[in-house]
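So you can see what is in the structure, the chains are spelled out below.
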Amino acid sequence: MTRPPTTDPTPPPAGPPPAGRRRLRGTAVTLALGTALFAAGAVGLAPQNSGPSEAAPGPAPGNAAAGHPGSLPALRARLRRLPQDDAAWAQLGMAYVQQGRTTADPATYAKAESALRTSLKVRPDDNYPAQTGMGALAAARHDFAAALAWGRRAAAVNPAGPGAQGVLADAYTQLGRYEESYRAVQRMADLRPDTASLARASYTWELRGDVPRARALMERALDDASTPGDRAFAHAHLATLAQESGDARTALREAEDGLRATPHDAPLLEARARARGALGDGTRAVADYTAAIAITPLPPYVMGLGELQQALGHPARARVQYALMRAQEQLSRAGGAAPDVDAILFEADHGDPGRAVAMGRVALRGRPFIAVQDACAWALHRAGRDAEALRHADRALALGTRSALFHYHRAVIEGALGDRVAARRDLVRALAVDPHFHPLHAPAARSALQRIDSLS
């Protein structure tokens, strides 16, 4: 088996950064086995669900101020004057992709597609920015087969373009083609060792369970970050790495460090909410979740707040969030989007497990990623189909990912199948990784472990 490449996290020697910019020491990425957790998608910094783009020249348009040349109003004004400016159409399309990610409004993606296709109509050949943008759009819509096709087209047009390699890396990851994703990250880092490639390299190690290496690379991504959005993303991911390793205090510190510079960043507010919840500060955790949802009502935030309210003994408040989750899923379904992991888990835990199984089947066909495998496993368990569930739970953990939730799900499935030894092993593992991994499931894990030990 080819050992996947990832960037060597060893700090560079002291000295001034070349050309005013810190670079990776030894762009050749070290060959070794490792791991990471990710969520595929944008061309620039963030693996899926957030992040700026390098599909067109200039700053990440989603983060630009209204008067900035890369802002939506400025781009629209430019295109009224210069309707044949294919680069501006591509940049406008990516601005809409970014806006769709930050507003959770799938209708924005239709505007993105229209702008990107206009760019391709104006310049049908060798239009790398628009092709890369179409790949990012497809990933944002969770159509990873299309993202892969667009990424390949962009890479053929511009083999030296790191953005196309980012699209390919994200698509391969979500399609379960991990070896190919590692190679795409390697190529991206070789071409441009910056915040975007460092973030993806960090994610490859997180998926494979090497959290220290993932953290070292994400710290370097933070050090390299040149925009407030990039720095906010890096702080949020460092908070997540700490939180999912059971270190809520470090997670809280990372989130607060980021919020000092970008106080209205929804991912940072959500990261602080999870940290505060783990530390027993439920009131302020609710406030942070509420603030994050007011900015960007993403399903993980809505479900997180609902389950926290349920754990705090506020069922009526939890039901308000669950109703919002159902409304969001209906909108997503009406827009033709495949079910996402959060929707599957929500349906399994708070709705119809049989429907959750059907949703999981649809998701797996286009996205056999480890998180989808885990969601399918849990849906099958909740539907009483544990033998089948165990196969998916094993696939979810096949890379060695350090996920307390994945281990808890497998433990419950193993217990339902009568394998107390395996169930205990996974319960211990889950609680060792993060004793506060979920407001409802972590207490259930402790109770299940006590029950098993009482039978010994």
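Just above sits the structure.
Note that the structure is a prediction, hence the values are computed from the model and not measured.

Rules and cut-offs
Per chain, residue numbering runs from 1 following the sequence as it is written. It should be noted that, the model being predicted, local features are given only for residues of pLDDT at least 70 and side-chain atom pairs only at 80 or more, the latter also being counted only at that level, while totals for whole chains, interfaces and linings use all residues. Based on all heavy atoms of the structure, the side-chain values leave hydrogens and waters out of the count. Segments assigned H or I by DSSP are reported as helices when at least four residues long, segments assigned E as strands when at least two residues long, and all are numbered from the N terminus. The contact rule is simple, with two residues in contact once any of their heavy atoms fall within 4.5 Å. Where accessible areas are quoted, they stem from the Shrake-Rupley method and a 1.4 Å probe; at the residue level, only the protein chains shown are allowed to cover. Patch building starts from residues that exceed 30% relative accessible area and form no salt bridge, then joins like charges within 9 Å and nonpolar side chains (Val, Leu, Ile, Met, Phe, Trp, Tyr) within 5 Å. The salt bridge definition used is simple: a Lys or Arg side-chain nitrogen within 4 Å of an Asp or Glu carboxyl oxygen. Here Asp and Glu are counted as negative and Lys and Arg as positive; His is not counted, and neither are the chain ends. Lysine's charge is taken at NZ, arginine's at CZ, aspartate's at CG and glutamate's at CD. Relative accessibility thresholds used throughout: buried, under 20% of the residue-type maximum; exposed, over 50%; partly exposed, between the two (1.4 Å probe, protein chains only). What counts as a ring pair is set by centres within 6.5 Å for rings of Phe, Tyr and Trp (its six-membered ring), and what kind of pair is set by the plane angle: stacked under 30 degrees, edge-to-face over 60, tilted for all other angles. In this scheme, the term charge over a ring applies when either NZ of a lysine or CZ of an arginine sits within 6 Å of the ring centre and within 35 degrees of the ring normal. Note on terminology: a nonpolar core comprises buried Ala, Val, Leu, Ile, Met, Phe, Trp, Tyr and Cys residues joined through side-chain atoms within 4.5 Å. To get an axis, a line is fitted to the C-alpha atoms, and for a helix only the part in contact is used. The angle between two axes follows their N-to-C directions and goes from 0 to 180 degrees. Working rule for angles: under 35 degrees goes down as roughly parallel, over 145 as roughly antiparallel, 65 to 115 as roughly perpendicular, anything else as oblique. Note that Gly is not counted as nonpolar here; it falls among the polar residues with everything else outside the nonpolar set of Ala, Val, Leu, Ile, Met, Phe, Trp, Tyr, Cys and Pro and the charged set of Asp, Glu, Lys and Arg. Crossing handedness is defined as follows: a turn of the near helix away from the far one that is anticlockwise and smaller than a right angle gives a left-handed crossing, while the clockwise case is right-handed.

This part covers the overall build of the chain. A tally of helices and strands in the chain yields 22 helices and two strands. By sequence separation, contacts in the chain at least 24 residues apart represent 60% of the contacts at least 6 residues apart. Of the roughly 18,500 Å² of accessible surface on the chain, a fraction of 54% belongs to carbon and sulfur atoms.

Bringing a positive patch on the surface into the picture now. On the surface, R76, R80, R81 and K111 cluster together to form a positively charged patch. In terms of residue count, helix 1 (residues 72-81) provides more of the positive patch than any other element does, three residues in total. Along the polypeptide, R81 turns up in helix 1.

Within this structure, the stated rule accounts for 23 salt bridges. A salt bridge links D170 to R200; its shortest N-O distance comes to 2.7 Å. With D170 in helix 6 (residues 162-174) and R200 in helix 8 (residues 195-207), the pair connects residues that are 30 residues apart, well separated along the chain. You'll find D170 and R200 in the same group, each marked buried. Among the salt bridges present, the one from D194 reaches R192, with a minimum N-O distance of 2.6 Å. For D194, a relative accessible area of 8% gives the class buried.

A word on the environment of R451. Positionally, R451 belongs in helix 22 (residues 441-455). For the pair R451 and R424, spaced 27 residues apart in the sequence, the C-alpha separation amounts to 9.8 Å.

Attention shifts here to the packing of aromatic side chains. Enumeration according to the criterion identifies four aromatic pairs in this entry. Arranged with centres 6.5 Å apart and planes meeting at 50°, the rings of Y178 and F369 form a pair that is tilted. You can see Y178 sitting in helix 7 (residues 178-191) and its partner F369 sitting in the loop between helix 17 (353-366) and helix 18 (370-382), a full 191 residues away along the chain. Classification of F369 as buried rests on a relative accessible area of 1%. The interplanar angle of 45° and the centroid separation of 5.9 Å between the aromatic rings of W378 and Y408 together place this pair among those described as tilted. Here W378, found in helix 18, pairs with Y408, found in helix 20 (residues 404-416); they are 30 residues apart in sequence, far enough to count as distant. The class of W378 is buried, set by a relative accessible area of 3%. By relative accessible area, which is 6% here, Y408 ends up buried. A connected cluster of aromatic rings, assembled from ring pairs, spans W378, Y408 and F437. Over the aromatic face of W205 sits the side chain of R208, whose NZ or CZ is 4.3 Å from the ring centroid.

Time to look at the nonpolar core. Within the largest apolar cluster, 66 residues are counted, with the highest numbers of intra-cluster contacts made by F369, V372, Y408, L427 and F437. Top contributing element to this core by residue count: helix 18, with nine residues. Ignoring anything within four residues of it in the chain, the contact list for L427 reads Y408, A411, A445, A448, L449 and I452. In this structure, A139, A154, L168 and A171 belong to the second largest nonpolar core, which totals 30 residues.

All right, on to the packing of helix 10 (residues 228-243) against helix 11 (residues 248-261) then. Packing of helix 10 against helix 11 brings their axes to within 7 Å, and their N-to-C directions diverge by 170°. Considering their axes alone, helix 10 and helix 11 lie roughly antiparallel with respect to each other. Between helix 10, through H235, L238, A239, A242 and Q243, and helix 11, the contact on the second element is made entirely by A248, T250, A251, E254, A255, D257 and G258. Within the contact of helix 10 with helix 11, the residues separate by chemical class into six nonpolar, four polar and two charged.

What follows covers unusual backbone geometry. Of note in the backbone geometry, D126 takes a positive phi value of approximately 55° without being a glycine. Mapped onto the elements, D126 comes out in the loop between helix 3 (107-122) and helix 4 (128-140). Given the relative accessible area of 49%, D126 is considered partly exposed. Within the chain, H142 stands out as a residue other than glycine whose phi angle is a positive 65°. Tracing the backbone through its elements, the reader meets H142 in the loop between helix 4 and helix 5 (144-157).

So, on to the packing of helix 7 against helix 8. Their axes nearest at 9 Å, the elements helix 7 and helix 8 cross at an angle of 150°. As summarised for this structure, helix 7 and helix 8 are arranged roughly antiparallel, according to the angle between their axes. For the pair helix 7 and helix 8, the crossing hand works out as left-handed. Facing Y182, V185, M188 and A189 of helix 7, the residues of helix 8 in contact are A196, S197, R200, A201 and T204. For the contact of helix 7 with helix 8, the per-class residue count stands at six nonpolar, two polar and one charged.

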